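Chains, contacts and geometry: an overview
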Amino acid sequence: MIERCQGNIRPKSGPRARTAVVLAAAGLLAVTTAAFLPGTASAGTTLGASAAERGRYFGTAVAANKLSDNTYATILNREFNSVTPENEMKIDATEPQQGQFSYGAADQIVNHARSRGMQVRGHTLAWHSQQPGWMQNMSGSALRQAMLNHVTQVATHFRGQVVAWDVVNEAFADGSSGARRDSNLQRTGNDWIEAAFRAARAADPGAKLCYNDYNTDDWTHAKTQAVYNLVRDFKQRGVPIDCVGLQSHFNSGSPYPGNYRTTLSNFAALGVDVQITELDIEGAPAATYRNVVQDCLAVSRCTGITVWGIRDTDSWRASQNPLLFTGSGAKKPAYDAVLAALNGGSTPPTTGPPTPPPGGGCTATLRDATRWSDRFNSEVTVSGASNWTVVVAVTPPQKISSTWNGTPSWDTSGNVMTMRSNGSGNVFGFTTMANGTWTRPQVRSCTAS
Ligand code: G2I
């Protein structure tokens with residue numbers, strides 16, 4: 001089998017490359033000057049370049065019909081080095097009539113990506129959902145044969161162009177049963193998943209073959225355990241499988257779990273790569289995005305992260321504003337947090353540095369709350385005092401437009417707010433109009449009175 005390394009994307013240019021050019025131009029020996037370069041990895045300035053510095057990729061779902069949107073394509077081409085077609089490789093798109101294959105939109109994405117040096121994740125060969133009508137109406141051995149033919153044809157068409165395939169998607173039931181999801185494919189026999197993997201391996205021996213699912217992030221959940229048992233069984237019996245995709249759609253009903261890193265490392269310990277394949281997080285809290293990135297970086301076999309869309313307006317859950325860019329294409333605080341985490345430094349802190357308490361101890365901790373396309377909320381939690389005064393600064397041209405649970409006053413610039421407790425408790429909040437700037441407000445001081 002041809003082993004493809006997914007973690008070897010290197011930026012074509014970057015701080016190191018530029019440094020080398022400058023040094024060469026100055027007539028200096030690179031071998032001598034290398035000793036004077038900082039010992040740490042150079043910090044990338046885009047998600048893809050920074051991920052590559054860490055031996056990983058950073059990707060996004062892409063819709064073919066958005067490639068002509070200039071803002072969309074500009075961000076895609078600048079930031080990402082991996083692409084997953086959002087819908088264009090699904091069964092209904094690639095085999096709309098039985099035996100008649102249609103690759104136009106998928107090829108468009110693949111060509112766009114590969115001509116710019118981005119890798120492609122294939123999604124998805126066998127799934128109970130988004131089946132064309134003809135397949136929905138099939139069952140038994142005819143369906144099994146049709147499914148295997150589909151896997152073979154599509155994986156063959158894209159052979160050599162797709163680095164990893166989500167061979168089977170979402171085959172397990174939600175809830176506590178740990179059972180397979182009922183579907184027409186499942187009813188063809190419990191071995192349908194391994195049959196699909198064997199067909200994919202035969203068709204494209206060089207592609208990594210992944211099992212992909214959602215709600216498999218919390219290590220204690222029955223569904224996570226069920227997927228784990230499937231992968232362990234496949235590895236033990238020699239069924240070809242190379243990777244597990246955790247979709248990681250996080251929201252209030254399905255939050256980022258504290259044991260996410262455990263889940264990643266336990267899957268990796270089975271001898272498969274782990275990929276975060278469809279990341280989005282309701283409200284895009286910077287701290288949660290940072291945690292996800294740091295968890296992946298902590299597990300050497302976590303080879304990359306894909307976010308499920310570019311701008312909030314591109315998301316399948318647009319009302320949750322779960323992505324890294326606003327509808328107008330501006331970088332959100334979550335973007336800054338992801339980039340900083342990839343660069344290995346501390347992220348712009350979610351909490352301001354703990355405040356020195358000159359007049360008596362209190363600490364004010366700021367967190368990101370809801371975000372909209374033009375403004376965002378922040379919440380500040382005060383500990384150590386019940387009568388307090390907290391000073392918060394925003395970055396011009398930002399403006400605080402409303403506050404709650406405190407009594408505010410302002411300096412002459414309007415950028416620095418002094419908030420005093422008013423008996424409403426120890427958490428106050430405020431809304432900041434971004435005016436194009438998404439820098440997190442800073443806690444300047446906390447004073448007990
Ligand atoms: O549902 C979120 C994702 C869960 N994991 C598997 C992914 O494949 C899935 O992606 C979503 C796409 O983001 C949506 O764009 O899958 C949906 C379908 O299951 C996609 O929605 C479909 C709509 O249902 C169709 O009405 C629409 O024609 O998108 C199509 C193309 O815009």
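Moving on to the sheet that holds strand β16 (residues 427-433). Within the open sheet, the 4 strands sit side by side as β10-β11-β16-β13. Their pairing is antiparallel. In this open sheet, the two edge strands, each paired with only one partner strand, are β10 (363-371) and β13 (399-404). Adjacent strand axes in the sheet meet at a mean angle of 25° when their direction is disregarded. As paired elements, β13 and β16 share 5 bridges and run antiparallel to each other. Bridge pairing links Ile400 to Thr432 in β16.

What follows covers the packing of helix α11 (residues 260-268) against helix α12 (residues 286-298). Axis separation between α11 and α12 bottoms out at 9 Å; the angle between their running directions is 30°. Judged on the interaxial angle alone, α12 and α11 are roughly parallel. For the crossing formed where α11 meets α12, the hand is right-handed. Taking contact as the criterion, the partners of Tyr260, Arg261 and Leu264 in α11 are, on α12, Val292, Gln294, Asp295, Cys296 and Ala298. Across the contact of α11 with α12, the residue classes tally to 5 nonpolar, 1 polar and 2 charged.

To continue, consider helix α9 (residues 192-203). With 12 residues, α9 should reach 16 Å at 1.5 Å per residue; the first-to-last C-alpha distance of 17 Å fits that figure. With 10 of its 12 residues buried, α9 lies for the most part within the structure. Those residues of α9 that fall on the buried side of the exposure criterion are Trp192, Ile193, Glu194, Ala195, Ala196, Phe197, Ala199, Ala200, Arg201 and Ala203. Packed against the buried residues of α9 are β3 (119-127), α8 (140-157), β4 (164-169), β5 (208-213) and α10 (222-237).

All right, on to the packing of aromatic side chains then. Overall, the coordinates contain 14 aromatic pairs when judged by the stated rule. On the numbers, 5.6 Å between centres and 80° between planes, the contact of Phe250 with Tyr260 is edge-to-face. Within this pair, whereas Phe250 is found in strand β7 (residues 249-250), its partner Tyr260 is found in helix α11, the two being separated by 10 residues in sequence. Judged by its relative accessible area of 2%, Phe250 is buried. For Tyr260, a relative accessible area of 0% gives the class buried. Its end group placed over the ring of Tyr214, Lys223 keeps NZ or CZ at 3.5 Å from the ring centre.

What counts as what
- Residues numbered from 1 in each chain as written.
- Predicted model: local features only at pLDDT ≥ 70, side-chain atom pairs only at ≥ 80, totals over all residues.
- Heavy atoms only, no water.
- Pairing = 2+ DSSP bridges.
- Helix = DSSP H or I, 4+ residues; strand = E, 2+ residues; numbered from the N terminus.
- Axes fitted to C-alpha atoms, helices over the stretch in contact; angles between N-to-C directions.
- Parallel < 35°, antiparallel > 145°, perpendicular 65-115°, else oblique.
- Left-handed = near helix turned anticlockwise from the far one by under 90°.
- Contact = heavy atoms within 4.5 Å.
- Nonpolar A, V, L, I, M, F, W, Y, C, P; charged D, E, K, R; others polar.
- Expected span 1.5 Å × (residues − 1).
- Buried < 20%, exposed > 50% of the residue type's maximum accessible area, 1.4 Å probe, protein only.
- Phe/Tyr/Trp six-rings, centres within 6.5 Å; stacked < 30°, edge-to-face > 60°.
- Lys NZ or Arg CZ within 6 Å of the ring centre and 35° of its normal.

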